[in-house]
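Working through the structure, step by step
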Amino acid sequence: MTKTTNIAVFVSGGGTNLQALIDAQHRGELGNGKITLVVSSKPDAYALERAKNNDIPTAVLPRKEYDSIAAYSRALVETVEAAGIDLIVLAGFMTIIDEQVYDSFPNRILNVHPALIPSFCGKGYYGLRVHEAALEKGVKVSGATVHIVTPECDAGPIVLQKAVEVLDDDTPETLQKRIMEQAEWKILPEAVRLFCENKINIVNNKVYIKGE
Ligand code: GAR
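Summarised in this report is the structure supplied together with it. (Residues numbered from 1 in each chain as written. Predicted model: local features only at pLDDT ≥ 70, side-chain atom pairs only at ≥ 80, totals over all residues. Heavy atoms only, no water.)

1. Here's the deal with the packing of helix α5 (residues 128-137) against helix α6 (residues 172-196)
This is how it is decided: Fitted lines through C-alpha atoms give the axes, limited to the stretch in contact for helices. The angle between two N-to-C directions lies from 0 to 180 degrees. Counting from the N terminus, the helices are the DSSP runs of H or I reaching at least four residues and the strands are the DSSP runs of E reaching at least two. Under this scheme an angle from 65 to 115 degrees is roughly perpendicular, one under 35 degrees roughly parallel, and one over 145 degrees roughly antiparallel; angles in between are oblique. By definition, any crossing whose near helix is turned counterclockwise from its far helix by less than a right angle is left-handed, and any crossing with a clockwise turn is right-handed. By definition in these notes, contact holds between two residues if any of their heavy atoms fall within 4.5 Å. The residue classification treats Ala, Val, Leu, Ile, Met, Phe, Trp, Tyr, Cys and Pro as nonpolar and Asp, Glu, Lys and Arg as charged. All others, Gly included, are polar.
Between α5 and α6, whose axes approach to 9 Å, the crossing angle comes to 110°. Classified by the angle their axes make, α5 and α6 are roughly perpendicular. Our pair here, α5 against α6, has a crossing hand that is right-handed. The residues of α6 that touch α5, namely those facing L128, H131, E132, A134 and L135, are P172, E173, L175, Q176 and I179. Looking at the contact of α5 with α6, its residues break down into six nonpolar, two polar and two charged.

2. Details of the nonpolar core
Nonpolar side chains in soluble globular proteins tend to be buried together. For clarity, the cut-off: Residue types Ala, Val, Leu, Ile, Met, Phe, Trp, Tyr and Cys, when buried and joined through side-chain atoms within 4.5 Å, form a set referred to as a nonpolar core. Classification of residues uses two cut-offs on accessible area relative to the type maximum, computed with a 1.4 Å probe and protein chains only: under 20% is buried, over 50% is exposed, and between them is partly exposed.
Core analysis: the largest hydrophobic core is formed by 42 residues, its most contacted members being I7, V9, L21, V89, L110, V159 and V192. Tallying contributions element by element places α6 first for this core, with 10 residues. Sequence-distant contacts of V192, that is, excluding residues within four places in its chain, are made with I7, L21, L30, L87, V89 and L110. Formed by 21 residues, the second largest nonpolar core is a distinct cluster that contains L76, I88, F93 and Y102.

3. A few points about unusual backbone geometry
Residue P118 is bonded to the preceding I117 through a cis peptide linkage, with omega at 20°. Mapped onto the fold, P118 is located in the loop between β5 (109-113) and α5. Of note in this structure, N107 is not a glycine but carries a positive phi near 55°. As for its placement among the helices and strands, N107 is situated in the loop between α4 (99-104) and β5.

4. Quick notes on the packing of helix α1 (residues 16-26) against helix α2 (residues 46-53)
Each pair of packed helices can be described by the angle between their axes along with the distance between the axes. α2 packs onto α1 with a crossing angle of 15° between their chain directions and a minimal axis gap of 9 Å. The orientation of α1 with respect to α2, classified from their angle, is roughly parallel. The two elements α1 and α2 meet at a crossing, and its hand is right-handed. Across from T16, L18, Q19 and I22 in α1, the residues of α2 making contact are A47, R50 and A51. Of the residues belonging to the contact of α1 with α2, the class tally is four nonpolar, two polar and one charged.

Shown next as structure tokens:
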């Protein structure tokens, strides 16, 4: 029997990407992956309800209860290590963390970003702000990216990307919704499956997918 890959999903908000992962797991589409912990930076995140509805243990670590990014990151590492986590997935996790987390989970943290990296990414680009910037620029396609998390914000090796059409009458909200539906909720579970099946090969900061 293959060993289970224990997954912690970090959230701060609505948790639709968490839901996509839960649904994929129920359909048997995460390989040997199992979501065994949901960590929220916000006590009132709806994502926590989604976890509870699916009997997934939760941990709430509000950022404001910690003096520094370092203290917060240390608490996160202790929480996931105590839970025997193999893979961390950042799914709308809106809190800055430091190298303690990256160093404890090298090449074992995935993030979903709602744009085609390297466009509209890096410091200050999160949530609706990403889509506002894409519409301000007038791009004709945007999309989503799943990448390996490294210390440089949104700069780690790209695992999967999917393009989505931008329409003339889009608002940040309509574009966000289309990108979630058509891209994020598909490529995030797919990337998690690839990780769990040990198919992500990183060479010179680039990902090569083995045997797909
Ligand atoms: C998603 O669009 C995700 O890509 C984005 O926040 C949203 C969370 O939605 N993440 C970032 O902007 C990270 N830079 P969700 O809570 O419904 O999954």
